[in-house]
Amino acid sequence: MTAFSTCILAWYDKHARVLPWRQPVGRGLPDSYAVWVSEIMLQQTRVETVIPYFERWLRQFPTVQALADAPEQRVLSAWEGLGYYSRARNLHKAARLIVSEYGGQLPAEPAELRKLPGIGRYTASAIASIAFGLDVATLDGNLKRVFARVFDVSQPADSPAGEEILWALAERHVPAGRAGDYNQALMDLGATICLPKNPLCLLCPLNVLCKARALGIQEQRPQMKPKPLVPHKLKGAAVIVRDGMTLLRQRPADGLLGGLWEFPAAELDADSPEALAAAIEAEYRLKVSPLARLTEVRHAYTHFKLTEIPWRCELLHLPADAGLEWVPLDRLAEYPMGKVDRAIAKNVPNGGSLM
């Protein structure tokens, strides 16, 4: 082992986080299905947020077969609130492929894992090392930060050249027989000590090896490419209630929030009832008369920020082919929604009329 891997493993043996998808250090390999689910959930999501979702998921879908057999709407409902819903759809698709093509067993080799929907280089390597004990390195945001600081990598970590350097460093220090612990140790270090801001260098087991710390530039690593400005979108939603029912649309399976349900909504060029009525008619050929402006909802997605303004509306005309469905208000919780529409749904009166 190198000095780098020796230091990080000695620290991990004493300070490893206790997480529901892990086996305690030295207790053998964890369940591959649990590792796979956790790694998908942890993509762009903090551990603290993932833990309750993971525990509920394993209760609802305890095996690959159970996940493969579940209807998509149940899968999306279990995922609701975790965001990046393509992850849930890909887990579901992959489970069905594992059952049909791999006899219900998650493959161990990274090359085979990467054939499954939603699994890229990082996730395949993480699963192969943690769940199957293969001697392969991996590289996520936390690991990039650790390697960029310890080895003072000046190239942007999100550039092809920078990623190539960081992957090579990760692979160079893999300890034979303990790759899974090595990768998880680096994940833990990045999450608890080698923080993006104000890193706890005095507590770091790698501080004597860290070139960036020696130069006093640890907070300048990793370098990243300049980020483009995030655009802002203004949307309006029509909340139409009649006889204890409300109109919803199911989003197309592909794309943002695929398969989730939403109130009829469209982008606005102005915050006014006239703009809402015109936008809803253009999008759905649905004629409404806005009655009252409801509480607006703000949300930040990866590539844009959104302000959505719901309006209580009277229905004037509903084309038969508008792609909308009357849904009972007392069953709204059964329809998986994104955070914006769930916030709107929680403010819709349960019964009566809004006309």
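Examining the overall build of the protein chain
Counting its regular elements, the protein chain contains 14 helices and nine strands. Looking at the protein chain as a whole, 50% of its 355 residues are labelled buried. For the protein chain, the proportion of contacts with a sequence separation of at least 24, taken over those separated by at least 6, is 66%. With an accessible surface of roughly 17,000 Å², the protein chain has 52% of that area assigned to carbon and sulfur atoms. In the protein chain, 41 side chains carry a positive charge and 38 a negative one; their mean positions are 5 Å apart.

What to know about the layout of surface pockets
Once rolled over the atoms, a probe with the size of a water molecule shows which space is left empty. A volume near 1,600 Å³ is recorded for the largest pocket. Lining the largest pocket are 42 residues, and of these Leu42, Gln43, Gln44, Thr45 and Gly141 lie nearest its centre. The set of elements that each furnish at least two residues to the lining of the largest pocket consists of α2 (32–41), α3 (47–60), α8 (121–132), α9 (141–150) and α11 (179–192). The leading source of residues in the lining of the largest pocket is α11, at six residues. In this structure, the second largest pocket spans a volume of roughly 430 Å³. Along the wall of the second largest pocket there are 22 residues; nearest its centre are Gly83, Tyr84, His299, Tyr301 and Thr302. When contributions to the lining of the second largest pocket are tallied by element, the ones reaching two or more residues are α6 (86–101) and β7 (297–300). Class assignment for the residues of the lining of the second largest pocket results in eight nonpolar, twelve polar and two charged.

Notes on the packing of aromatic side chains
For the structure on display, the rule yields ten aromatic pairs. Summarising the aromatic geometry, the rings of Trp57 and Phe61 are spaced 4.8 Å apart at their centres and angled 65 degrees between planes, so their arrangement reads as edge-to-face. When sorted by exposure, Trp57 lands in the same class as Phe61, which is buried. Between Phe147 and Phe151, the aromatic rings sit 6.3 Å apart at their centres with planes inclined by 20 degrees, giving stacked as the arrangement. In this structure an aromatic cluster arises from ring pairing among Phe4, Phe147, Phe151 and Tyr182. Directly above the ring of Tyr53 sits Arg56, whose terminal nitrogen or CZ lies 4.7 Å from the centroid.

Notes on α2
Across the ten residues that make up α2, a large majority, ten, are buried. Of all the residues in α2, the buried ones are Ser32, Tyr33, Ala34, Val35, Trp36, Val37, Ser38, Glu39, Ile40 and Met41. For α2, the N-terminal cap is Asp31; the gap from its side-chain oxygen to the backbone nitrogen of Tyr33 is 3.3 Å.

Here's the deal with the state of the cysteines
Disulfides are covalent bonds that connect the sulfur atoms of two cysteines. As enumerated under the stated definition, the model contains zero disulfides in all. Left unpaired, Cys194 is separated from the closest cysteine sulfur, that of Cys204, by 6.0 Å. Not engaged in a disulfide, the cysteine Cys210 finds its nearest cysteine sulfur in Cys201; these two sulfurs lie 6.3 Å apart. Owing to a relative accessible area of 11%, Cys210 belongs among the buried residues under this scheme.

Reading the values: the criteria
Here the residue numbers are simple positions, counted from 1 along each chain's written sequence. This being a predicted model, a pLDDT of at least 70 is required before a residue's local features are given, and a value of 80 or more before pairs of side-chain atoms are given or counted; all residues contribute to the totals for chains, interfaces and linings. Here the side-chain values reflect all heavy atoms present in the structure, with hydrogen atoms and water set aside. Elements are defined by DSSP. Helices are runs of H or I of four residues or more, strands are runs of E of two residues or more, and each kind is numbered from the N terminus. Each residue is placed in one exposure class: buried if its accessible area under a 1.4 Å probe, protein chains only, is under 20% of its type's maximum, exposed if it is over 50%, and partly exposed if it falls in between. Residues are treated as being in contact if the distance between any of their heavy atoms lies within 4.5 Å. Using a 1.4 Å probe, accessible areas were evaluated by the Shrake-Rupley method; residue-level cover was limited to the displayed protein chains. Working convention for charge: Lys and Arg count positive, Asp and Glu count negative, and His plus the chain ends are omitted. Charged groups are reduced to one reference atom each: NZ for lysine, CZ for arginine, CG for aspartic acid, CD for glutamic acid. Buriedness of a pocket was judged along seven lines, with at least five required to meet protein on both sides within 12 Å; pockets are open sets of points on a 1 Å grid over the protein atoms alone, cavities are sets where a 1.4 Å probe fits but cannot get out, and lining residues have an atom within 4 Å of a point. Grid points are joined across faces, edges and corners, and a volume is the space filled by probe spheres set on the points. Residues are grouped as follows: nonpolar covers Ala, Val, Leu, Ile, Met, Phe, Trp, Tyr, Cys and Pro; charged covers Asp, Glu, Lys and Arg; every other residue, Gly included, is treated as polar. By convention, a stacked pair of Phe, Tyr or Trp rings (six-membered ring in the case of Trp) has centres within 6.5 Å and planes under 30 degrees apart, an edge-to-face pair has planes over 60 apart, and any other such pair is tilted. Two conditions define a charge located above a ring, namely a distance within 6 Å from the ring centre to NZ of Lys or CZ of Arg, and an angle within 35 degrees of the ring normal. N or O atoms closer than or at 3.5 Å make up a polar contact, with two conditions inside protein: a donor-capable atom paired with an acceptor-capable one, and, for residues adjacent in sequence, both atoms drawn from side chains. Count a disulfide wherever a pair of cysteine sulfur atoms falls within 2.5 Å.

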